[in-house]
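Remarks on the overall topology
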Amino acid sequence: MSKSMLACLMACLLLFTVAFSGLANTQLVMAKSEEANKLSLIPPWQASPSEEEIQFNCKYPIQSGTSDSSFSFNVELKYVGGEESQLFDLSAEGPPDWMVRVQQTVSGTKELPAVVLDPTKTYSGESVVVIAFPPYWVVTEPGDYNIKLKAASGDLEGSIDLTARVTARYEFKFETDTGLLNTKATAGKESHLTVVVSNTGTANLDKVMFSSGKPSGIGDEHWDVTFNPDKLEGLKPLEEQEVDVIIKPPAKTIAGDYMITLRSNSDPSTSSSPELKIRVTVGTSTKWGWIGAGIIVAVLAGLVLAFRKLGRK
Amino acid sequence: MGQVVIETSDLSKTYDGFTAVDKLNLHIEEGEIFGFLGPNGAGKTTTMLMLLGLTAPSSGTVQICGHDPGREPLEVKRVVGYLPEKVGFYENLNARQNLEYTAELNNLPKREAFEKINNLLSTVGLSQVCDQEVKKLSRGMKQRLGIADIWIKDPKLVLLDEPTSGIDPEGIEDILTLTANMARKGITVVFCSHQLHQVQRICTRVGILNKGHLVAEGQIDRLGREAIAGGRYRIEIQVAQVNQKLVDALKLVEGVVDVQGSAETLLISCDKDLREQISKLIVESDNSLLGMKIEEYSLEAVYKEVLS
Amino acid sequence: MYTVFRKELADYLESKRFAMLFILATMAAVFAVYLAVQNIRGAVSSSSEFVFLKIFTVSSETLPSFLFFVSIFIPIIGIAFGFDAINNERASGNLSRLLSQPIYRDSIINGKFLASLAVLSFIVVSVIAIVGGLGLRIIGVPPDSEEVLRLIAFALTSIIYGAFWVALAILFSVSFNRAASSMLAALALWMFFFFFVYMIAGAIADARVPIDSNSSFEMIAKNAEIQGMINRISPCNLYGESILALLTPEIASLNPALMMISVIAAGRMLTPLNFTQSLLLVWPQIVTMVALATICFAISYVRFIKQEIRAT
Ligand SMILES: Nc1ncnc2c1ncn2[C@@H]1O[C@H](COP(=O)(O)OP(=O)(O)OP(=O)(O)O)[C@@H](O)[C@H]1O
Ligand SMILES: [Mg+2]
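Residues numbered from 1 in each chain as written. Chains lettered and ligands numbered in written order. Predicted model: local features only at pLDDT ≥ 70, side-chain atom pairs only at ≥ 80, totals over all residues. Heavy atoms only, no water.

1. Some points on the site of ligand 1
Near ligand 1 lie 15 residues; those nearest to it are Gly41, Lys44, Thr45, Thr46 and Glu85 of chain B. Near ligand 1, the surrounding residues belong to chains B and C. Within the backbone of Gly43 of chain B, an N or O atom sits 2.9 Å from an oxygen atom of ligand 1. In this structure, Thr46 of chain B approaches ligand 1 through a side-chain N or O atom, which is 2.5 Å from an oxygen atom. The set of elements that each furnish at least two residues to the shell around ligand 1 consists of strand 2 (18-24) and helix 1 (44-52) of chain B. Here the shell around ligand 1 is composed, by residue class, of 4 nonpolar, 6 polar and 5 charged. (Near = heavy atom within 4 Å. Polar contact = N/O pair within 3.5 Å; in protein donor to acceptor, adjacent residues only side chain to side chain. Helix = DSSP H or I, 4+ residues; strand = E, 2+ residues; numbered from the N terminus. Nonpolar A, V, L, I, M, F, W, Y, C, P; charged D, E, K, R; others polar.)

2. Points about the coordination of the magnesium ion (ligand 2)
All names here are of chain B. Note on the magnesium ion (ligand 2): its protein donors are Thr45 (OG1) and Glu85 (OE). The metal-donor distances range over 1.9 to 2.4 Å. Of this pair, Thr45 sits in helix 1 while Glu85 sits in the loop between strand 6 (80-83) and helix 3 (95-105); the two residues are 40 residues apart in sequence, bridging distant segments of the chain. Since its relative accessible area comes to 10%, Thr45 is described here as buried. (Donors = N, O, S within 2.8 Å, 3.2 Å for Na, K, Ca; no water. Buried < 20%, exposed > 50% of the residue type's maximum accessible area, 1.4 Å probe, protein only.)

3. Observations concerning the interface of chain C and chain A
Interfaces are frequently sized by the accessible area removed from exposure as the parts join. At the junction of the two partners, chain C supplies 31 residues and chain A supplies 31 residues. Together chain C and chain A conceal approximately 2,500 Å² of surface at their shared face, both sides included; 67% is due to carbon and sulfur atoms. Connecting chain C to chain A are 0 salt bridges. Here chain C and chain A share 1 residue pair in polar contact (both at pLDDT 80 or more) between them. (Contact = heavy atoms within 4.5 Å. Buried area = accessible area lost by both parts, 1.4 Å probe. Salt bridge = Lys/Arg side-chain N within 4 Å of Asp/Glu carboxyl O.)

4. Focus: the interface of chain B and chain C
At the interface, 32 residues of chain B touch 26 residues of chain C. The junction of chain B with chain C conceals about 2,600 Å² of combined surface from both sides, 53% of it contributed by carbon and sulfur atoms. Taken as a group, Leu54, Tyr90 and Leu105 of chain B account for 25% of the area that chain B buries against chain C, more than any other trio of residues on that side. At the boundary of chain B with chain C, the tally comes to 1 salt bridge. A salt bridge links Asp149 of chain B to Arg97 of chain C, with the shortest nitrogen-to-oxygen separation between them at 3.1 Å. Applying the counting rule to chain B against chain C returns 16 residue pairs in polar contact (both at pLDDT 80 or more). Contributing elements (two or more residues each) for the side of chain B that touches chain C: strand 1 (4-15), helix 1, helix 2 (73-79), strand 6 and helix 3 of chain B. Per-element accounting of the side of chain B that touches chain C gives the leading share, 5 residues, to helix 3 of chain B. For the side of chain B that touches chain C, the residue count by class is 15 nonpolar, 9 polar and 8 charged.

5. Comments concerning the sheet that holds strand 1 (residues 53-58) of chain A
Residue and element names in this part refer to chain A. Taken in spatial order, the 4 strands line up as 1-3-7-5 in an open sheet, and their pairing is antiparallel. The open sheet has two edge strands, strand 1 and strand 5 (99-103), and neither has a second partner. Strand-to-strand twist in this sheet, taken as the mean axis angle between neighbours without regard to direction, amounts to 25 degrees. As judged from the 5 bridges shared by strand 5 and strand 7 (residues 126-133), these two strands associate in the antiparallel manner. Within the sheet, the bridge partner assigned to Val100 lies in strand 7 and is Ala132. (Pairing = 2+ DSSP bridges. Axes fitted to C-alpha atoms, helices over the stretch in contact; angles between N-to-C directions.)

6. Quick notes on the domain arrangement of chain B
Domain annotation of chain B identifies domain 1 (4-218) and domain 2 (232-295). The C-alpha centroid of domain 2 of chain B is placed 44 Å from the C-alpha centroid of domain 1 of chain B. (Domains from an automatic or database assignment.)

7. With respect to the packing of helix 3 (residues 286-310) of chain A against helix 7 (residues 105-139) of chain C
The interhelical angle for the contact between helix 3 of chain A and helix 7 of chain C, taken along N-to-C directions, is 155 degrees, at an axis separation of 7 Å. One finds that helix 3 of chain A runs roughly antiparallel with respect to helix 7 of chain C. Along this stretch, helix 3 of chain A crosses helix 7 of chain C, giving a crossing that reads as left-handed. Along the contact surface, helix 3 of chain A presents Trp288, Gly289, Trp290, Ile291, Gly292, Ala293, Ile295, Ile296, Val299, Gly302, Leu303 and Ala306 of chain A, while helix 7 of chain C presents Phe122, Ser126, Ala129, Ile130, Gly133, Leu134, Leu136 and Arg137 of chain C. Within the contact of helix 3 of chain A with helix 7 of chain C, the residues separate by chemical class into 14 nonpolar, 5 polar and 1 charged. (Parallel < 35°, antiparallel > 145°, perpendicular 65-115°, else oblique. Left-handed = near helix turned anticlockwise from the far one by under 90°.)

8. Structural notes on the sheet that holds strand 10 (residues 172-176) of chain A
Residues and elements named next belong to chain A. Sheet architecture is open: 4 strands sit in the order 10-12-16-14, paired in antiparallel fashion. Lying at the two open borders of the sheet, with one neighbouring strand each, are strand 10 and strand 14 (224-228). Within this sheet the neighbouring strands show an average axis-to-axis angle of 25 degrees, counted without direction. Of the pairings in the sheet, the one linking strand 14 to strand 16 (residues 240-248) comprises 5 bridges and is antiparallel in character. Across the sheet, Asn228 pairs through a bridge with Asp244, a residue of strand 16.

9. Some remarks on helix 3 of chain B
With 8 of its 11 residues buried, helix 3 of chain B lies for the most part within the structure. Within helix 3 of chain B, the full set of buried residues consists of Ala95, Arg96, Asn98, Leu99, Tyr101, Thr102, Ala103 and Leu105 of chain B. Buried residues along helix 3 of chain B sit in contact with helix 4 (110-123) and helix 5 (139-150) of chain B together with helix 1 (2-14) and helix 6 (94-99) of chain C. Regarding helix 3 of chain B, its N-cap is Asn94 of chain B, as a side-chain oxygen of that residue lies 3.1 Å from the backbone nitrogen of Arg96 of chain B further along. Backbone geometry just downstream of helix 3 of chain B places Asn107 of chain B in the positive-phi region, at approximately 60 degrees.

10. Focus on a negative patch on the surface
Residue and element names in this part refer to chain A. Where like charges cluster on the molecular surface, the negative patch consists of Glu51, Glu52, Glu53, Glu83 and Glu84. Among the structural elements, Glu52 can be located in the loop between helix 2 (34-38) and strand 1. Taking relative accessible area as the criterion, Glu52 reaches 39% and is therefore assigned partly exposed. (Patch = residues over 30% accessible without salt bridge, like charges linked within 9 Å, V, L, I, M, F, W, Y side chains within 5 Å. Areas by Shrake-Rupley, 256 points an atom, 1.4 Å probe, with all protein chains shown as cover. Lys, Arg positive; Asp, Glu negative; His and termini not counted. Charge placed at Lys NZ, Arg CZ, Asp CG, Glu CD.)

11. Let's talk about the packing of aromatic side chains
In this structure the tally under the stated criterion is 29 aromatic pairs over all chains. Ring geometry for Phe56 of chain C and Phe66 of chain C: centres 5.4 Å apart, planes at 70 degrees, overall edge-to-face. Taken together, the positions of Phe56 of chain C in helix 3 (residues 51-57) and Phe66 of chain C in helix 4 (residues 66-80) put the pair 10 residues apart, joining distant regions of the chain. Note on Phe66 of chain C: relative accessible area 1%, which makes it buried. One aromatic cluster is present, formed by Tyr161, Phe164, Trp165, Phe192, Phe193 and Tyr239 of chain C through successive ring pairs. The ring of Tyr90 of chain B is capped by Lys7 of chain C, whose NZ or CZ atom sits 3.0 Å from the centre of that ring. Stacked on the ring of Tyr101 of chain B, the Lys or Arg Lys7 of chain C has its end atom at 5.4 Å from the ring centre. (Phe/Tyr/Trp six-rings, centres within 6.5 Å; stacked < 30°, edge-to-face > 60°. Lys NZ or Arg CZ within 6 Å of the ring centre and 35° of its normal.)

12. Thoughts on empty space enclosed by the protein
A probe as big as a water molecule, rolled over the atoms, marks out the empty space that is left. Residues and elements named next belong to chain C. Evaluation of the coordinates by the stated rule reveals 1 cavity of 30 Å³ or more. Surrounding the largest cavity, 15 residues form its lining, Ala25, Val70, Phe73, Val124 and Val127 being those nearest its centre. Those elements giving two or more residues to the lining of the largest cavity turn out to be helix 2 (16-43), helix 4, helix 7 and helix 8 (145-175). When residues of the lining of the largest cavity are assigned to their parent elements, the largest contribution, 6 residues, is made by helix 4. Of the residues that constitute the lining of the largest cavity, the class distribution is 14 nonpolar, 1 polar and no charged. (1 Å grid on protein atoms, 1.4 Å probe; cavity = no way out; pocket = protein on both sides within 12 Å on 5 of 7 lines; lining within 4 Å. Points joined across faces, edges and corners; volume = space filled by probe spheres on them.)

13. Quick look at the pattern of salt bridges
A side chain of one charge can pair with a side chain of the opposite charge if their charged atoms are brought near each other. Scanning the entire structure with this criterion turns up 24 salt bridges over all chains. Two residues, Lys142 of chain B and Glu91 of chain B, come together in a salt bridge whose shortest N-O distance is 3.7 Å. Here the residue Lys142 of chain B occupies a position in helix 5, and Glu91 of chain B occupies one in the loop between strand 6 and helix 3, the gap between them amounting to 51 residues. Across the pair Arg310 of chain C and Glu308 of chain C runs a salt bridge, and its minimum N-O distance is 2.9 Å. With relative accessibility at 22%, the residue Arg310 of chain C sits in the partly exposed group. On the basis of relative accessible area, Glu308 of chain C is assigned to the partly exposed category, the value being 22%. Connected through salt bridges with shared partners, the residues Lys7, Glu8, Asp11, Glu89 and Lys112 of chain C form a single ionic network.

14. Description of the nonpolar core
Counting residues in hydrophobic clusters, the biggest one holds 151 residues, and the most contacted among them are Leu262 of chain A together with Phe56 and Phe154 of chain C. Looking at this core, the element that brings in the most residues is helix 7 of chain C, giving 17 residues. Discounting residues that sit within four places of it in the chain, Phe56 of chain C has contacts with Ser65, Phe66, Leu67, Ile128, Val131, Gly132, Leu151, Phe154 and Leu247 of chain C. By size, the runner-up hydrophobic cluster in this structure holds 51 residues, among which are Ile33, Ile117, Val189 and Phe191 of chain B. (Core = buried A, V, L, I, M, F, W, Y, C linked by side-chain atoms within 4.5 Å.)

Following this line, the structure appears as structure tokens:
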């Protein structure tokens with residue numbers, strides 16, 4: 001109880017001291033000159049700027065990322081030296097083909113074409129987000145790209161340079177040539193499936209390896225899935241390579257659908273290597289299908305023959 | 001005479017102590033039509049079954065054309081045609097197919113069988129219905145088919161168990177003629193029937209069975225003489241005028257036992273058939289013979305006499 | 001005899017009961033295959049080499065397998081093609097006429113027996129072939145030579161079993177003058193063998209060696225043994241055991257409890273038997289069925305030969 005009382009007392013004392021000192025300072029300035037007298041209303045922390053200007057502040061003006069990522073910069077705008085709030089037009093410029101937007105937040109959807117800045121009230125400025133998207137239809141060359149944010153009101157204008165550093169990257173794609181995730185096979189026979197691995201990125205890919213997951217249940221040890229070639233030394237950017245997958249179900253596989261998984265461990269660093277789940281429809285080998293049908297037909301023929309030969313018409 | 005076709009000696013059949021056929025001795029020769037008579041339950045059918053080997057005799061033997069039906073069934077059955085009392089056919093087959101099956105069982109060649117079947121079907125008057133299933137035939141038609149059936153093989157001996165039952169008068173006529181014709185070709189027929197006049201018309205010899213015993217056997221007239229006239233022939237003559245002289249003269253003929261007279265007719269009993277001598281005598285004695293008749297014995301009378 | 005055989009065969013083939021039974025048997029078979037194929041993926045273990053045989057032995061949860069249908073159909077077909085063989089001929093008055101033809105008396109009964117057997121074999125083989133063909137078409141796994149051998153043995157065993165029922169039905173047809181009585185007698189006997197023997201066997205075995213959930217394996221095996229022994233007086237059971245062992249190579253003992261013991265205690269591996277081993281396992285059963293069929297036929301043969309044939 002006494003402690004809080006004490007704290008309260010301390011706070012009152014502190015306030016009093018500050019107020020008093022400020023009063024004292026003002027009195028001092030007033031005493032200085034007429035001009036100073038005129039400026040006496042300006043808060044003391046704005047004391048130094050004498051000119052109207054707009055200040056930009058960005059903590060991370062250089063960002064790097066791959067060409068498929070977006071770059072977003074948090075920029076704080078401050079209007080100093082003015083007497084009353086003003087509306088500033090905002091515009092952002094990026095390299096050709098880039099899309100650059102100014103938004104309130106990263107996740108926001110609305111663009112901010114302008115912002116009101118109040119020189120009297122603002123302590124830390126108004127923050128906006130500049131988002132830059134590299135063009136998605138071409139792979140952007142690695143390098144530094146300049147983005148300029150401008151704010152202007154009348155003759156008063158200012159800008160800040162932001163840098164998007166595009167780094168090199170690979171983009172690995174693993175898909176079937178047709179895009180379909182099912183295929184047909186015949187028990188005991190090899191069937192082929194073509195998968196395409198491609199690097200749509202900008203960096204080289206080292207060593208691509210393949211592996212497969214075979215159906216659980218019947219005779220799984222006999223399912224044969226081989227890749228041809230069974231590994232790739234590397235893929236250059238924009239290179240595409242077809243891989244022949246040979247699927248051979250065991251000879252005694254019952255007709256029906258089976259799941260196999262094709263995996264490629266292109267990137268050892270990422271735990272989830274791309275995989276394809278392929279539904280293999282094992283059909284009756286046409287030979288046995290026909291023989292089966294043949295047997296039934298033979299039975300019926302035998303029936304007819306028995307009637308013909310043994311019955312009396 | 002001809003060859004012996006049926007020979008039985010002491011043929012007996014007992015069913016659990018009941019004697020259906022008792023010590024039957026039959027002797028039937030080729031070409032005979034043997035009438036087999038007797039009241040219901042006398043044992044006629046049983047005898048026929050034993051003749052065919054369809055049932056085994058309890059004792060005694062049967063010889064059909066020299067074969068024992070029990071030991072050599074095929075030899076016997078090859079030559080014997082049997083029409084059972086209640087003849088049956090495969091109801092789902094038609095008349096022709098039934099006969100074809102019989103022909104097949106008799107190993108007849110197909111062509112031969114076909115012609116034979118056609119002939120037989122027209123003989124028994126079934127040509128119109130021969131393609132109908134047997135179940136659609138009337139009872140008499142089936143009986144006719146049964147008769148056709150036995151002629152498919154060329155039998156030497158035919159056993160007919162009441163063949164005319166259920167058949168219309170015309171049909172009976174046909175059957176009797178057919179049977180008589182067959183006998184003329186040398187086929188032996190055993191004709192079992194309750195229709196005495198039919199038996200009398202065609203049979204050369206009859207046997208009458210009662211309770212398993214053969215009570216009478218022989219030609220009908222002989223049986224009649226034995227049963228009714230004490231074995232005598234009775235000749236009835238009509239002459240212009242009956243006088244004592246004629247009666248005396250007749251009595252003197254050898255073999256004449258008795259002569260009884262009335263106004264115009266005389267009844268002569270004699271041991272033998274003396275019609276020739278008697279007619280000669282009458283003509284020689286200047287009398288005119290108006291008529292002469294040897295008495296015939298109806299089978300009916302004989303039958304009644306024998307069984308009483 | 002051949003003539004009789006041909007004629008009877010023709011009659012049977014054109015009879016309604018043939019059409020009926022054939023269609024019924026085929027339908028049941030197709031149905032069974034359909035169910036088997038639905039369940040075959042689950043039933044085939046990864047080590048199974050006998051995928052094709054599974055078409056015949058796999059059952060669904062609700063409906064029994066093809067084997068069960070077969071074991072019901074064969075007695076019915078056998079009875080259907082034998083129960084009126086002789087007495088129908090006799091009643092229709094055919095028999096006297098037939099027997100006055102120059103054929104031996106036994107050719108009639110032999111011809112009829114063979115004709116019935118031929119029709120039965122025809123149905124059995126057709127149905128097995130249809131099932132095999134359908135199965136082959138659907139699952140696409142061909143049988144290997146051992147499986148084919150086993151199927152042939154299965155067909156032959158079925159025909160032997162069918163022969164027993166035909167012989168029995170003919171025996172009844174010789175013994176009873178009315179077709180209806182001989183059919184009822186045959187069916188009653190079948191029911192006795194099929195249902196009651198099992199019940200009686202179970203009851204006796206439980207009385208002799210009572211078992212409950214915590215009985216030892218030896219006790220269970222003993223109980224099963226007694227039950228099995230009593231069951232073996234039933235030809236239905238003989239047949240059931242035979243075809244099960246023939247079509248399931250994994251079965252190494254006809255006593256299920258013993259088989260379990262041999263695996264658990266003696267460490268026998270669950271490897272399938274080869275064909276001769278399976279055949280040897282059920283050889284006594286097959287021989288017994290042959291003997292039963294022969295005895296039935298011999299009795300009816302002798303009876304028929306001695307019988308008086310009177311058209312009544
Ligand atoms: N299976 C049998 N068991 C016992 N007795 C029998 C049997 N068959 C026939 N009988 C008897 O044998 C006797 C002779 O019968 P059978 O059929 O030979 O007579 P039938 O002379 O043909 O008579 P019908 O003129 O009525 O045809 C009859 O008294 C009959 O009761
Ligand atoms: Mg009679």
